[in-house]
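# Survey of secondary and tertiary structure
So you can see what is in the structure, the chains are spelled out below.
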Amino acid sequence: FEDLAKLIERSVKEDVEGREVAFAFSGGVDSTLMAVLCKKYAKRVKLYTVSFPDKEDLIYAEKIAPLLGLRHEVYLLNDEEAKDLYLKVESKLH
């Protein structure tokens, strides 16, 4: 396990060191690990969460981001907005 942790940290460091980084943040284990490592090595980190109101990912992201001391922006969608975005993305794939 220790070797895996070192490999992950080294990989993140090589990718983000001294750079500005932004990524999708759910507050789950994987995105929290990335946020911690990016905070350690990146010049600046910004987290984004896109969710429906009161969903589990949003709840965790809003609790964890302040604990990490990172900038965090939340974008809430309703059903209609999600459908519109889906249709736009789908049309680009065809």
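Because the structure is predicted, anything quoted here is derived from the model rather than measured.

## Considering the environment of Leu37
Along the chain, Leu37 turns up in helix α2 (residues 29-41). Considering only alpha carbons, one finds Leu37 and Glu17, 20 residues apart in sequence, at a separation of 9.9 Å. If near-sequence neighbours (up to four positions away) are discounted, Leu37 is found in contact with Ile8, Glu9 and Val12.

## Some details on the environment of Arg71
With respect to the helices and strands, the residue Arg71 is situated in strand β3 (residues 71-76). Accessibility expressed as a relative area gives 44% for Arg71, which makes it partly exposed. Considering only alpha carbons, one finds Arg71 and Ala22, 49 residues apart in sequence, at a separation of 9.6 Å. Discounting residues that sit within four places of it in the chain, Arg71 has contacts with Arg44, Val45, Lys46 and Leu47.

## A short note on helix α3 (residues 56-68)
Compared with the 18 Å implied by 1.5 Å per residue over 13 residues, the 18 Å span of α3 between its first and last C-alpha is a close match. Looking at the packing, one finds that the buried side of α3 touches α2, β2 (44-51) and β3.

## Regarding the side chain of Thr32
Looking at where Thr32 falls in the secondary structure, it is placed in helix α2. At 3.4 Å, the side chain of Thr32 and the backbone oxygen of Gly27 are in polar contact. Not counting residues within four places of it along the chain, the set of residues in contact with Thr32 comprises Phe25, Gly27, Ile64 and Leu68.

## Some remarks on helix α1 (residues 2-16)
For α1, with 15 residues, the first-to-last C-alpha span of 21 Å sits near the 21 Å given by 1.5 Å per residue. Remark: Gly18 follows α1 within two positions and exhibits a positive phi of approximately 75°.

## Some remarks on the pairing of β2
Relative to β2, strand β1 (residues 20-24) runs parallel, the two being bridged by five bridges. Bridging across to β2, Ala24 finds its partner in Tyr48. For the handedness criterion, the β-α-β arrangement of β1, α2 and β2 is classed as right-handed. You can see the chain leave β2, run along α3 and come back into β3, and the turn it takes is right-handed.

Calculation rules
- Residues numbered from 1 in each chain as written.
- Predicted model: local features only at pLDDT ≥ 70, side-chain atom pairs only at ≥ 80, totals over all residues.
- Heavy atoms only, no water.
- Helix = DSSP H or I, 4+ residues; strand = E, 2+ residues; numbered from the N terminus.
- Contact = heavy atoms within 4.5 Å.
- Buried < 20%, exposed > 50% of the residue type's maximum accessible area, 1.4 Å probe, protein only.
- Expected span 1.5 Å × (residues − 1).
- Polar contact = N/O pair within 3.5 Å; in protein donor to acceptor, adjacent residues only side chain to side chain.
- Pairing = 2+ DSSP bridges.
- Right-handed = clockwise from strand over helix to strand, strands pointing away.

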